[in-house]
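Chain by chain, the residues run as shown.
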Amino acid sequence: QVQLVESGGGLAQAGGSLRLSCAASGRTLSIRTFSSYVMAWFRQAPGKEREFVGYINRSGGSTYYADVVKGRFTISRDNAKNTVYLQMNSLKPEDTAVYYCAAGSNMVTVQRSYNYWGQGTQVTVSS
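A brief look at the structure comes next. Chains are numbered independently. Their residues run from 1 in the order of the written sequence. Only residues with pLDDT of 70 or above have their local features reported here, since the model is predicted, and side-chain atom pairs are shown and tallied only from 80 upward, although totals for entire chains, interfaces and linings are computed over all residues. Side-chain numbers come from the whole structure's heavy atoms, not from hydrogens or water.

This brings us to the pattern of salt bridges. The salt bridge criterion pairs a side-chain nitrogen of Lys or Arg with a carboxyl oxygen of Asp or Glu, the two atoms within 4 Å. Within the structure shown, the criterion is met by four salt bridges. Among the salt bridges present, the one from Lys70 reaches Asp67, with a minimum N-O distance of 3.0 Å. A residue is classified by how much of its surface remains accessible, and Lys70, at 46% relative accessible area, is partly exposed. With a shortest N-O distance of 2.7 Å, Arg72 and Asp95 are connected by a salt bridge. Burial classes follow relative accessibility: with a 1.4 Å probe on protein chains only, a residue under 20% of its type's maximum area counts as buried, one over 50% as exposed, and anything between as partly exposed.

So this is what it looks like as structure tokens:
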């Protein structure tokens, strides 16, 4: 099993920034290292389905984003720290959601392809 724990959520004003972190741990990482996982971020706004935000490849050299966050959000990772980050700039009230990180084997936007999920962290953006 791989445990993922998100942190860094909170309240921000429109136009502001937040940085989320997702730390991975677990016995499985001694067999299959963090750097072997594609890491993704998803979010779920109140009353809406969970949606894809972006992913980063194993080495951190390639990222892909949903159109609604492209140019504002940046995903990075530190494989030495078993951590992935989501830097959110120019925040909008519609970015308000619970943000989840996920680990998987493929660079896809489909939720079911990701095997491990964090518990989520709330991000609230006020206007």
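On to the nonpolar core. Counting residues in each nonpolar core, the largest one holds 38 residues, and the members touching the most others are Leu4, Met39, Trp41, Leu86, Met88 and Tyr99. When contributions to this core are tallied by element, the ones reaching two or more residues are strand E3 (18–25), strand E4 (38–44), strand E5 (51–56), strand E7 (73–78), strand E8 (83–88), strand E9 (97–104), strand E10 (114–117) and strand E11 (121–126). Residues within four places of Leu4 in sequence aside, it is in contact with Cys22, Ala23, Ala24, Met39, Cys101, Ala102, Ala103, Tyr116, Trp117, Gly118 and Gln119. Residues enter a nonpolar core if they are buried and are Ala, Val, Leu, Ile, Met, Phe, Trp, Tyr or Cys, with the set joined through side-chain atoms within 4.5 Å. Strands here mean DSSP runs of E at least two residues long; helices mean DSSP runs of H or I at least four residues long; both are numbered from the N terminus. Any pair of residues with heavy atoms lying within 4.5 Å of one another is described as a contacting pair.

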